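# Reading the structure
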Amino acid sequence: MVLGFGFSLIVSVLFAVYAVPRKFSKQNVILYTMWMGIAYFFGTIVLISIIWGFGFETPENLLNPWHLLTVLRGFIWVLGMAAYNLAIDKIGLTRFNQWKNIQGPVGSLLILFFIADMTSPIKVLFLLLGMTIMFLSALLFQIKTETEFYKKNNLDKNVLKGILFALFSGVCFGFSALFNSIVSRPAIVGDRFTFAQLLYHSFSLIVFSVVFYMVIGNKPNEPSTAKQRLKEIFIVDKKTWLPFTSGAMFLCATLLTIYSYRMIPNAVAWSITQLNVFWTILIGIFIFKEVNLKQHWLRLLAGVLMAVGACYMLYLAI
């Protein structure tokens, strides 16, 4: 139980940190997602080769029809990730994350409704309290600021678009969490899938990213031929290392998420990962200077305390 809680906390850190490379990248959001998927896919191949090859775990059935749900998850995740990166570009890391964190309540409620892996009413109450407090904490971090970061990037003009992109990504990730949870439960799918999920999910990210890029292209106002788009897809340069780094971190986060689902109720595990709001605000304040700490310290402190209180409620829900 404690280990599952700890895994979810680590995932919350990874969910915050893997967004950071996007701050340094101007790469097209779909290509960025594709390169994340490539790093994720090859990392999965290495893991499978070691773990299955040396007999640390029994090889999983790769032909089970439930893997189609993971492929669908990949489709939804590509949409969410594109919106995720656009939101960061438009309103910054600190602002975007609080709206994206609607994924917490969406994912937890979907898991609770469709899977119902919690039967005790008091534990359901603690879960709902934890989710609510976590969301209120996120609202406290939603600070309108006039820092040099926003002036320089002229981000205030993009606030509405950025919020809508962030909300859309949160809904996509909430549904992604539901599909991940379903396929992680032997009682539903008849088997235990961990690495097979990673394999199908990462491969589907690459496929759907390529398809979307071939259809949409780089810039809508600068149409290009299919041949040009295909050539752009396979360009490898220094820009690809940023999404590669994000993809590697996402692989670690996804693997730990699946293991946490084995140990604690899935709705609780997913809710705990939403503590990433705390780590994101620290990154936004101290690294990217997106929020003036001296001016807003009381509101930020209240948000942090509420996030800690939410985690305690979620721990009681286990």
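Before reading further, recall that the structure is shown in the block above.
Right, let's walk through the structure included here. (Residues numbered from 1 in each chain as written. Predicted model: local features only at pLDDT ≥ 70, side-chain atom pairs only at ≥ 80, totals over all residues. Heavy atoms only, no water.)

## Some details on the overall build of the protein
- When its secondary structure is counted, the protein shows 14 helices and zero strands.
- Within the span of the protein, comprising 318 residues, buried residues form 55% of the whole.
- Taking the intrachain contacts of the protein between residues at least 6 apart in sequence as the baseline, contacts between residues at least 24 apart amount to 87%.
- Summed over all atoms, the accessible surface of the protein reaches about 14,300 Å², with 73% contributed by carbon and sulfur. (Helix = DSSP H or I, 4+ residues; strand = E, 2+ residues; numbered from the N terminus. Buried < 20%, exposed > 50% of the residue type's maximum accessible area, 1.4 Å probe, protein only. Contact = heavy atoms within 4.5 Å. Areas by Shrake-Rupley, 256 points an atom, 1.4 Å probe, with all protein chains shown as cover.)

## Comments concerning the side chain of asparagine 85
- Note that asparagine 85 resides in helix H3 (residues 67-100).
- Overall, asparagine 85 belongs to the buried group, its relative accessible area being 0%.
- Sequence-distant contacts of asparagine 85, defined by excluding residues within four places in its chain, comprise Arg22, Val29, Tyr32 and Thr33.

## Focus on helix H13 (residues 276-286)
- Buried residues dominate H13, accounting for eight of its eleven residues.
- Within H13, the full set of buried residues consists of Asn276, Val277, Phe278, Thr280, Ile281, Ile283, Gly284 and Ile285.

## Some remarks on the nonpolar core
- Tyr18, Trp77 and Phe195 are the most contacted members of the largest nonpolar core, which totals 73 residues.
- The dominant element in this core, judged by the number of residues it contributes, is helix H2 (residues 29-53), at 13 residues.
- Setting aside anything within four residues of it in sequence, one finds tryptophan 77 in contact with Tyr18, Thr33, Met36, Phe173, Ser176, His201, Leu205 and Phe250.
- Phe278, Ala307, Ala310 and Cys311 belong to the second largest nonpolar core, which has eight residues in total. (Core = buried A, V, L, I, M, F, W, Y, C linked by side-chain atoms within 4.5 Å.)

## Brief notes about the side chain of arginine 73
- By the element assignment, arginine 73 lies in helix H3.
- No salt bridge forms around the buried arginine 73; measuring N to O, its nearest opposite-charge neighbour glutamate 60 is 11 Å away.
- Leave out the neighbours within four places in its chain, and arginine 73 touches Ser176, Phe179, Asn180, Gln197, His201 and Thr254. (Lys, Arg positive; Asp, Glu negative; His and termini not counted. Salt bridge = Lys/Arg side-chain N within 4 Å of Asp/Glu carboxyl O.)

## Overview of the packing of aromatic side chains
- This model, assessed by the stated rule, comprises 15 aromatic pairs.
- Between the aromatic rings of tyrosine 40 and phenylalanine 250, the centroid separation amounts to 5.4 Å while the plane-to-plane angle is 80°, which identifies the pairing as edge-to-face. Of this pair, tyrosine 40 sits in helix H2 while phenylalanine 250 is found in helix H11 (residues 241-263), placing the two residues 210 residues apart along the sequence.
- Residue classification places tyrosine 40 among the buried positions, given a relative accessible area of 1%.
- Exposure remark for phenylalanine 250: the relative accessible area of 4% places this residue in the buried category.
- Relative to phenylalanine 212, the ring of phenylalanine 75 lies with its centre 5.7 Å away and its plane at 55°, an arrangement referred to as tilted. A residue pair is termed long-range when its members are at least 10 positions apart, and phenylalanine 75 in helix H3 and phenylalanine 212 in helix H9 (residues 195-216) qualify at 137 residues.
- Among the residues examined, phenylalanine 75 registers a relative accessible area of 30% and is labelled partly exposed.
- Judged by its relative accessible area of 16%, phenylalanine 212 is buried.
- Linked through ring pairs, Phe15, Tyr18, Tyr40, Trp77, Tyr84, Phe173 and Phe250 together constitute an aromatic cluster.
- For the cation-ring pair, arginine 22 lies above tyrosine 32, with the distance from its terminal atom to the ring centre recorded as 4.9 Å. (Phe/Tyr/Trp six-rings, centres within 6.5 Å; stacked < 30°, edge-to-face > 60°. Lys NZ or Arg CZ within 6 Å of the ring centre and 35° of its normal.)

## Looking at the packing of helix H7 (residues 159-183) against H11
- Where H7 meets H11, the closest approach of the two axes is 10 Å, and the angle between their N-to-C directions is 60°. In terms of axis orientation, H7 runs oblique to H11. Read as a crossing pair, H7 and H11 show a hand that is right-handed. Contacts between H7 and H11 involve Ala177, Asn180 and Ser181 from the first element and Thr257, Ile258 and Tyr261 from the second.
- In terms of residue class, the contact of H7 with H11 is made up of three nonpolar, three polar and no charged. (Axes fitted to C-alpha atoms, helices over the stretch in contact; angles between N-to-C directions. Parallel < 35°, antiparallel > 145°, perpendicular 65-115°, else oblique. Left-handed = near helix turned anticlockwise from the far one by under 90°. Nonpolar A, V, L, I, M, F, W, Y, C, P; charged D, E, K, R; others polar.)

## So, the environment of leucine 140
- Positionally, leucine 140 belongs in helix H5 (residues 121-140).
- Of the residues examined, leucine 140 reaches a relative accessible area of 22% and is grouped as partly exposed.
- Between the C-alpha atoms of leucine 140 and valine 304, which are 164 residues apart in sequence, the distance is 9.0 Å.

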